[in-house]
Every structure is written in C-alpha cells, then in structure tokens.
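# Summary of structural features
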Amino acid sequence: MTTLLEIADYRLAFDTFDGTHHVLDGIDLRLDAGETLGVVGETGCGKSVLARSLLQLNPSPPARVVSGAIRFRGEDLLRLEEAALRRLRGRAIAMVFQDPASYLNPLLAVATQMEDAIRGQDSAAGGRPRPRRAARALAAELLSAVGLPEPQRLLASHPHQLSGGMRQRVLIAMALAGEPALLVADEPTTALDVTVQAQVLALIDGLVRARGLALMLISHDLGVVSASCARVAVMYAGTVVEEAPTPELIARPLHPYAQGLIAAVPDLGRPEAKPRGMPGSIPSLLHPPSGCRFHPRCPLASERCRVEKPLRRTLLPGRSVACHHATP
Amino acid sequence: MTAPLPEAPLLEARGLAKTYLTPRTAFRPPGRVAAVAGVDVTLEAGASLGLVGESGCGKSTLARLLLRLVPLSGGSIRFAGQDITDLSERAMRRLRRRMQLIHQNPSAALDPRLTVMSAVAEPLRIQGIARGRALHDRVAALLAEVGLPGDFLHRHPHELSGGQKQRVCIARALALEPQLVVLDEPTSALDVSVQAQILDFLGALRRQRGLSYLFISHNLAVVRQVCERVAVMYLGRIVEEGPAAEVLERPQHPYTRALLASVPRLGVAGVAAAAPGDPPNPADPPPGCAFHPRCLVAEPACRTTAPALNFARGEDHRVACHVAARRGLPEMTETT
Amino acid sequence: MADVLPVEAASAGVSGGRGRKWRLAAWLLGRSFSSRLGLALVVLVVGLALAGPWIVPYPDDVAGAVNLARKLQPPSAAHWFGTDEVGNDILTRVIVGARLSLLVGIGIMLAAAGIGVPLGILAGMSSGRLRETIMRLTDMFLSVPGLVLAIAIVAALGPGIGNAMVALVLVWWPGYVRLAEAKALSIREEPYIEAARVAGASRLRILWRHVLPNSLSPLIVKMSMDIGQAILAVASLGFIGLGAKPPTPEWGAMIAIARGYLPEWWWYALFPGLAIYLSVLGFNLLGDGLRDILDPRSHRG
C-alpha cells in the first residue's frame, strides 16, 4: 500500500486574548490508500481541529501553524497556495461534518446545490464545468450510490423536507462528486438517531470498500470508531497517546488514558461491568501540564512524567504508545 | 395537605396526551401533531424508570407533561396521592419543591449572568427556605455534596467545564430536597469519562436520599446502568415496558430489537442497520402500528390496527406488538 | 460523598476572575481603530459637555450677548471658529451646545427605552391579545417615518426644545419594543427559563431576574447608537425652527441661521455641523464597538 497521508510533527496554536493555546502538540499519523483510521478523544482534545487542518479550514487568525508538515501524496499541504488547496478540496480530500443541516443552503433545491458542487469540482480541476443536465444526471447517480431511493424526487426537494439522515447522505453524495481518495468524516453521525446512525455507518463502510476510499473518522464515540475503523488513534489534549489496530486497543489498551476511556464506556454487552469515571478534567491548553499532558490525572504518574514529554514508541507491531510506563 | 398513602405510587399518570396545533401558513392548513398519545406512567417511591427512544418520540414532552410544565391535552396525573391534573399555576409553584428537572445541556440550563452561588440559591430564595448567612451555608454545603470546591461560589457558568456545570445543576435541584427528579438526557452533552462520574453520583444520591428518578435517555447502555425499569417510546406511545434487564436482554418489540442492534459495540466491527428508513413525522403518522413501515416482521394487521400495550413475558413485561403478542418473536441472536 | 464524585481541582475550568472581563473588553475595544475613534469622540463630547461653562473662552457669549463690533469674523487666534452675526464666539457656543445636545440625546434615549423595553419584554413573554395589542400599536408607529411624525407632533404642541424631546420620545419607543420583544422571544425558549420555572419562580421573577438582564446586550448597543441619532434628530428639528430657539446655543438652530450666511461666511455653518457630525459618528462607532464586546461570539477571536 502506498502512503496517502502523512502528518509529521504537526503543531498548531490558537492565538487569543488569553494567550497562546497549544491545541495540537506534535501530531504524527499515517494513512495508506484505502485504509480506515479512527481518531477518538474527548471534548477539546483537538480531533476536529486536526481534521480541519487537512483542508486548512481552521480560520487564521486565531489558528497558527507552529511547525510540521501534512503531506498528501508526498505534497505538503501547509505550503500550498489557496488555488492549489481548492483543487485538492473535494477532489483529493472530501469532508463531511457533524451537523448536516448547516452545510446545506435552506433556500436552494438539492439539485441546484449538487449541480453547483459537481460543476465547482469541474472548474477546480481546471476544465470547463459540465452542462447542468450532465451534472444533474451525475447527482442522481450519486444519490443512488448513497442508498437514497427516488433520486429524481429528492433532487427536486429542499433541505427542510429531508430527515437528518437523508441530509447526511446527500452531503456524503456531494463529497463523492470529486471522486476523492480520502474521506474525512468529523462526527458524521453524532446528530443522528441510533437507528439512522447505524444506516449511515453501514453506508460509509460500503463506500469505503466499494470505492477503495481511505477514511479518517473523527468521533467521541469509541463504539462508532470500533464499528467502522481498522485502526484507531486516541487523542488527549492535543497529542496522540496511542495508536493501534482497533480490536487490540479495545481488548488491551496500553496507555493509561486509553484504559480510562474504555473503562468509562457503558457497554450493553457487559452490563455487569460498571463504567468507571476518570478523576479530574481536561487540562487547559493555555497552560498545558508539563511533561506528559496526562500526568495530573494518571494513576501511574511519576516524577519523570512531570518533566519529560513521552515520545510515542512502538511497543508491539502496529502499536505505539506515548507513555513512559507502558509495557507491551 | 393529605399524607400520601404508603402503598400509592409517587407518580401515577393515566392516558397522558399532548397535541400541538401547527400554525396555519400560506401553504398549509393548521395541523395537529400528537407528540404524546395516551401514555400511562407509574413510578414507585425510590424507584427509577428509564424512558428511551429516538428524537421526536415524545419522551421530553412526556417529562414536561408529568411536571406540568406544558399544558395537558388529555389524561390525569397523581403525585404523592394528590391529583395535580388541574392544580393552579400558583399551587404548582409550591409543589415544585418536590419535583425537579435536570436538563440535557447544563450550559444552557444555567443563566449565564448568575454566579454559581446565585444559581444554587435561587430555588431556596424562591421557596423561602433560607436567607442571609443560612442561605450561604446551605449553598456551600450543597456544592460540597456535589464535589465542587467552595471557591466555585463566585464563578460564572462560562468559567466551568461541562461536568462542573452539570454538578451545579444537580446541586440546584437537590437544594429543594425533592422526591422526584426527572433527568432529561443528563449526560448526553458530557464526555464519556465525565458521564461515568455523574452517573455514579446520581446512583449514590438516589440510594442515600431515597429519590425517585424518571431518566430520559437515548443511550440504552446508560439506562441499563441507572434504571430498574425501562419504557421504550416510539412516536408518542410506549411500545415496550418492563424491568430493565428483562427488556434490554430479551426485547420483544421489533423496535426495541432494532434499537439494541443499532448500538455500536466495543470491539465489534460493523453495525447492523436493523430498521430501514427514518423515524416517522409526528405530523403525518403511519396508520396502524406506527413502526410498521420500518418493521421487518410486519403483517397486514399492523398496517391497519394499532396494537395495545399487553403483557408479553410474565406479569411485568408489556409490549405493544401484534406479532410478539400472538406468537412471540424468536430469541435475539448475538451476532450483531 | 466525595468518594463517589471526585472533588474537582480548584484550578480546573477556564481561567477566570473579575479582572479578565474588563481586560477582555479593553482588548476588544482597542483591537479596532473605529471603536477607538468612537470612544475618543464620545469622551471628547462628554468632556466638553461636563467642562463646558468653565473652559469656554467667552463666557458672556453663552447666553447670546450682542457685540456687533466683531460680527462675522473668520477663524483667528482670538476666535478659533470665527464669530457669528451678532459677534458671539462660535467656539464658545459649540462647546456649550455639546451639553444641551448630549442631555437631550441621552434624555430621549432613556425615556424611549424606558417605555419601549418593558412593553417589548412583556409582549415577548406573553401571548394572545396582550402581545397582539402591543405589537400592532408598535407597527402603527413604525409604519410612519419617525421625523415626519415628530414634526407633526411638535407642530401640534408648539415649537421648543422640551416639546421637541417629547415628540421624539413618542416616535422613538417602538424601536425598543421590537428589539426587546425579539430578544425576549428567543430567551423564553432557553432551558434556564424552564429551570427557573422548575424552581417555582413566578412570571414576574422570571421577567425581572432572567429575561431582562439577558436581553440587555443588544439594547445597550441600540441605546448608544440612538444617542447619536437623537442628537441628529433634535438638531434637525432645531434647523427647521421647531426645536430650540435662538439664542439658545443649540447646534441645529445655529446652522439654521448660518444657512443664510453661506457660502461667504462658511465657518458659521461648518463648525456646528462638524460638531453634530462627529458626535453622531462617535456614538455610532462606539455602538459598533460595544456590539463586539457584548456579543459572546466575538470573544473567541
């Protein structure tokens, strides 16, 4: 497999009135073509900021790249001009977001928005936009591909006539218009009901397989990541603390934070296992803890953790952990 | 005031209904939306009942009906033996001491301009329970009880984390020493590690103070952890009801089964899309059983006749399904 | 119980403190040039209004002395803004006029808000007939151009600064009803209002403790901008002879007379005009700046 995406020592800061928030602190991640990676973590861990970084969607200011590189097919996205980025958005990397309603214009019919998106992709590719009729035909095709029945009727409707699940499918269909190699999904099912979430996750799963898409799924829900991704990266306070094949992480997390996170999830399959909370709360990124950012909440923390930031090291094949005390 | 009879349930509602009128617009005649359509609820003192269902199923409306926060369209409510169906607004204000509500989103449930002190003191002031030094001490004690340090008294909500705000809301509800607490998705806005803390705390609180909970959630695993009984709602009706372990381990209604199958499990790749389509629009409900368009075992009768909530497995487990009532559904397999 | 719910570290959460709020406000205000300019102009106008009688170079000219020997002199070292047709120092009269304009502007704004805000919040919190009555009455007023209605009212009451203020208050309050009603409508859906009901709060308490304080931000912005607009409106009425009467040092009335001396004796109209322009601009820019401070969304920047 070829490396599609490589994030190397990426650091991002937000400059605000209160000072500099160190939002992402040395992210290293790799994603091969056709691979599925889940990024999981709690509020404020930086997972959404990371996802937006791939398309340079973080508003700047306040966002400021401190260092690092995000290479897509070997090309550093952080050094691209806006025009080159536009060509990349949608065509190479497409994104779907948490709240489908706010990404559709309520005044325009679905057909118009999809045609515009398709034709926009054509111009971004440097060609002439195809005629509306052709764009509409492709739109109908894409809607069928995301499992929406009666695409013609759907194209004629307006967003408010659709359910949340249908809107998210429309947005996924639009994301497919540029035939991207990587789909970045930021909490794509968080706003949906659980039965509809199951449908959308099954859809994404099917698309990834059928089209050979690489998937980066951002979620706060370990269950969702566990259902959809072969590999998972656990983030805490702007760092990746553990990366592992999903079943191995769930079965035996090595980083104390990953252990705490998994222990906190109530599991229907194991009602006798009482979820355990984690003491303390997420640290301020304005004055992040010294050394390991997890040390104030960590049961294993030692003096070394307070002073020395642990680097992520490979403990087992395919598994790396950023912890001084973790053992395979 | 009449003392409640010891055997009477704390809360007993019969045939609760709420119908909203949608306003007439240029394109549409006025319509009727039945958000809650004839629901019975019984909650024993000290018990906890979980109410689960997806968005728009009417669970939040039902909670507000039970607390008399929205006007009833039908039915009756008895609280601690007293009929409160037609109680005046003024009388209800006094009764509020005994029934409290915890909101889903603690950030929105706290007035952004009030300090923690003012927020927790407000119910005590309104009900005339304490003032001055006594009020201050009482609030400080409540904060200590929910695990917040005393220097939080003068902070504003925006200076607190989500979990801390929810603790403030809990302290505020506890201030009046209620018997009934309705919790409307109390942890769905919180991170999972905080959720576990808060759920643990809520459980301990109920045991120590003998509280009764009506616990609304879309998260079946959370309900399983907190509640002894559970009721599943779909489109304004209860479709299945019984002991939590029984309902969630041996579900009888196809909708309950679909819900359970849809929940992603840790360490299991993929989820089963067990109910096709979307939850129906309450303004345009399907005829017969509301679930039949998404039901994989629907029969002709399901399209015409709404099933009643009848006993299924044993005395305690009721289900509203023609198919399950007649022949029962096969045992669920653990292949999801 | 602490064993069940771990006690939070006192440092957790957002770093805070009373000082931060003010420092943040200063930072937001200082970040934009137009806000700084607005604040500077308002401070200047308010300063002149307060210190006026003590700093003017020719105190005798305030009440309108006649000194024909030095009438209509161009700006000079002795008379920075020149003199008018009866020899009064224009600088003196512009400075003294600031006090009148400011008092009139603030007075109109306070009275209009005093009528409009309670009505608006009442309308927003109630439903049915009361709300309909308030809002339709508001619509009636808003559907007539304000200044035209004010002119009609002054014409009926008789000219004079007091009547001009009464007329402007009468046309001004409906704007506050609109804004307060819209704000109250959105606030009454907030969960914290329901939380107050659950605590047993009465309607009056909810209105006073929760709805009103949380509605204030957009109202304060409007109030700041309205001071400028009211100064302009009073000057307009003065200009057409329905407001302050000469020799009262009122900017609009001064321009009304100065009009006859244009273009040759340009300074007579220019300096009162500039005074109106800069004070209206100042209050408008300050209003914009306050919007930035009071809008929680701008705090993330």
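All figures in this text were calculated on a predicted structure; none of them were measured in a lab.

## Topic: the overall build of chain C
Counting its secondary structure elements, chain C contains 10 helices and zero strands. Listed by position from the N terminus, the elements making up chain C come as α-α-α-α-α-α-α-α-α-α. What you see for chain C is a C-alpha radius of gyration of 24 Å, clearly larger than the 19 Å of a compact globule of 301 residues, by over 25%. For chain C, the spread of C-alpha atoms along the principal axes amounts to about 90 × 50 × 25 Å. Expressed as a percentage of the 301 residues in chain C, the buried residues total 45%. Across chain C, the fraction of contacts at a sequence separation of at least 24, relative to all contacts at a separation of at least 6, is 70%. A total accessible area of about 14200 Å² is found for chain C, and carbon and sulfur atoms account for 69% of it. Across chain C, the 26 positively charged side chains and the 19 negatively charged ones have centroids separated by 5 Å.

## Considering the overall build of chain A
Along its length, chain A carries 11 helices and 12 strands. The C-alpha atoms of chain A give 21 Å as radius of gyration, which agrees with the globular expectation for 328 residues (20 Å, within 12%). Overall size of chain A, expressed as C-alpha extent along the three principal axes, is 65 × 50 × 40 Å. For chain A, with 328 residues in total, the buried portion stands at 57%. Contacts in chain A between residues far apart in sequence, at least 24 positions, make up 64% of those at least 6 positions apart. Seen as two clouds, the 36 positive and the 32 negative side-chain charges of chain A have centres 2 Å apart.

## A word on the side chain of S217 of chain C
Relative to the assigned elements, S217 of chain C resides in helix 8 (residues 203-239). Separated by 3.2 Å, the side chains of S217 of chain C and R113 of chain B make a polar contact. Filtering out sequence-adjacent residues up to four positions away, S217 of chain C remains in contact with R113 of chain B together with L294 of chain C.

## So, the sheet that holds strand 1 (residues 11-22) of chain B
Residue and element names in this part refer to chain B. Reading across from one edge, 2-1-4-5 is the order of the four strands in this open sheet, with antiparallel pairing throughout. Whereas interior strands pair on both sides, the edge strands pair on one side only; in this sheet they are strand 2 (31-43) and strand 5 (82-83). Alignment of strand 1 against strand 2, held across 10 bridges, turns out to be antiparallel. What sits directly across from Y20, in strand 2, is V33.

## Remarks on the confidence of the model for chain C
All names here are of chain C. This prediction gives chain C a mean pLDDT of 85; 92% of its residues lie at or above 70. Put simply, helix 1 (residues 18-31) is where chain C has its lowest mean pLDDT, 77, and helix 7 (residues 191-198) is where it has its highest, 94. Ignoring residues within four places in sequence, the model shows residues 1-15, a span with pLDDT below 50, making 42 contacts including any to other chains.

## A short note on the pairing of strand 8 (residues 212-217) of chain B
All names here are of chain B. Of all the six residues making up strand 8, six are buried; the element is thus mostly covered by neighbouring parts of the structure. With burial as the criterion, each face of strand 8 is covered, one bearing S212, L214 and I216 and the other bearing Y213, F215 and S217. Across five bridges, strand 3 (residues 48-52) lies against strand 8 in parallel orientation. In the strand pairing of strand 8, S48 is matched with Y213. The sheet contact formed by strand 7 (residues 180-184) and strand 8 spans five bridges and is parallel. Residue V181 lies in a different strand from strand 8, and its bridge partner there is Y213. Taken together, strand 7, helix 7 (residues 192-209) and strand 8 constitute a β-α-β crossover, and its handedness is right-handed.

## Structural notes on the interface of chain B and chain C
Contact residues are listed per partner, giving 45 residues for chain B and 32 residues for chain C. With both chains or domains summed, chain B and chain C bury close to 3200 Å², and 54% of this area falls on carbon and sulfur atoms. Connecting chain B to chain C are three salt bridges. For the interface between chain B and chain C, the tally reads 14 residue pairs in polar contact (both at pLDDT 80 or more).

## Observations concerning the layout of surface pockets
To locate leftover empty space, one rolls a probe as large as a water molecule over the atoms. Estimated volume of the second largest pocket: approximately 1400 Å³. Forming the boundary of the second largest pocket are 48 residues, of which L162, S163 and M166 of chain A together with D278 and P279 of chain B lie nearest the centre. Contributing elements (two or more residues each) for the lining of the second largest pocket: helix 5 (151-155), helix 6 (164-176) and helix 7 (194-211) of chain A together with strand 2 of chain B. Here the lining of the second largest pocket gets five residues from one element, more than from any other, and that element is helix 6 of chain A. Among the residues forming the lining of the second largest pocket, the class breakdown is 23 nonpolar, 14 polar and 11 charged.

## Remarks on the sheet that holds strand 1 (residues 3-16) of chain A
What the four strands build is an open sheet, ordered 2-1-4-5 (chain A); its pairing is antiparallel. The two strands at the open ends of the sheet, each matched to only one other strand, are strand 2 (19-32) and strand 5 (75-76) of chain A.

## Here's the deal with empty space enclosed by the protein
Under the definition given, this model contains six cavities of 30 Å³ or more. The space that makes up the largest cavity amounts to roughly 100 Å³. In terms of lining residues, the largest cavity is bounded by Q100, L101, I102, H103, A109, C169, R172 and A173 of chain B together with A195, V198 and A199 of chain C. Residue assignment for the lining of the largest cavity shows that the elements contributing at least two residues are strand 6 (99-102) and helix 6 (162-174) of chain B together with helix 7 of chain C. Its residues assigned to classes, the lining of the largest cavity comprises eight nonpolar, two polar and one charged. Taken as a whole, the second largest cavity holds about 70 Å³ of empty space. Along its surface, the second largest cavity is lined by 13 residues, and P254, C289, C295, C302 and C321 of chain B are the ones closest to its centre. Partitioned by chemical class, the residues of the lining of the second largest cavity number 10 nonpolar, three polar and no charged.

## Some remarks on the environment of L77 of chain A
Residues and elements named next belong to chain A. Of note, L77 is situated in the loop between strand 5 and helix 2 (82-88). Accessibility expressed as a relative area gives 1% for L77, which makes it buried. Apart from residues no more than four positions distant in its own chain, L77 is found in contact with L54, Q56, I70, F72, L85, L88 and I93.

## A few points about helix 5 (residues 132-145) of chain B
Residues and elements named next belong to chain B. If you check helix 5, its first and last C-alpha atoms are 20 Å apart, about what 14 residues at 1.5 Å a residue would give, namely 20 Å. What helix 5 keeps buried is the set L135, V139, L142, L143 and E145. Down the axis of helix 5, the smallest arc covering the buried residues is 160°, so these residues share one side. For helix 5, the secondary structure elements touched by its buried residues are helix 4 (116-126), helix 6 and helix 7. Following helix 5 by one or two positions, G147 has its phi on the positive side, about 80°.

Thresholds applied
Residues numbered from 1 in each chain as written. Chains lettered and ligands numbered in written order. Predicted model: local features only at pLDDT ≥ 70, side-chain atom pairs only at ≥ 80, totals over all residues. Heavy atoms only, no water. Helix = DSSP H or I, 4+ residues; strand = E, 2+ residues; numbered from the N terminus. Rg over C-alpha atoms; globule rule 2.2 N^0.38 Å. Buried < 20%, exposed > 50% of the residue type's maximum accessible area, 1.4 Å probe, protein only. Contact = heavy atoms within 4.5 Å. Areas by Shrake-Rupley, 256 points an atom, 1.4 Å probe, with all protein chains shown as cover. Lys, Arg positive; Asp, Glu negative; His and termini not counted. Charge placed at Lys NZ, Arg CZ, Asp CG, Glu CD. Polar contact = N/O pair within 3.5 Å; in protein donor to acceptor, adjacent residues only side chain to side chain. Pairing = 2+ DSSP bridges. pLDDT = per-residue confidence, 0-100. Right-handed = clockwise from strand over helix to strand, strands pointing away. Buried area = accessible area lost by both parts, 1.4 Å probe. Salt bridge = Lys/Arg side-chain N within 4 Å of Asp/Glu carboxyl O. 1 Å grid on protein atoms, 1.4 Å probe; cavity = no way out; pocket = protein on both sides within 12 Å on 5 of 7 lines; lining within 4 Å. Points joined across faces, edges and corners; volume = space filled by probe spheres on them. Nonpolar A, V, L, I, M, F, W, Y, C, P; charged D, E, K, R; others polar. Expected span 1.5 Å × (residues − 1). Arc of directions from axis to C-beta.

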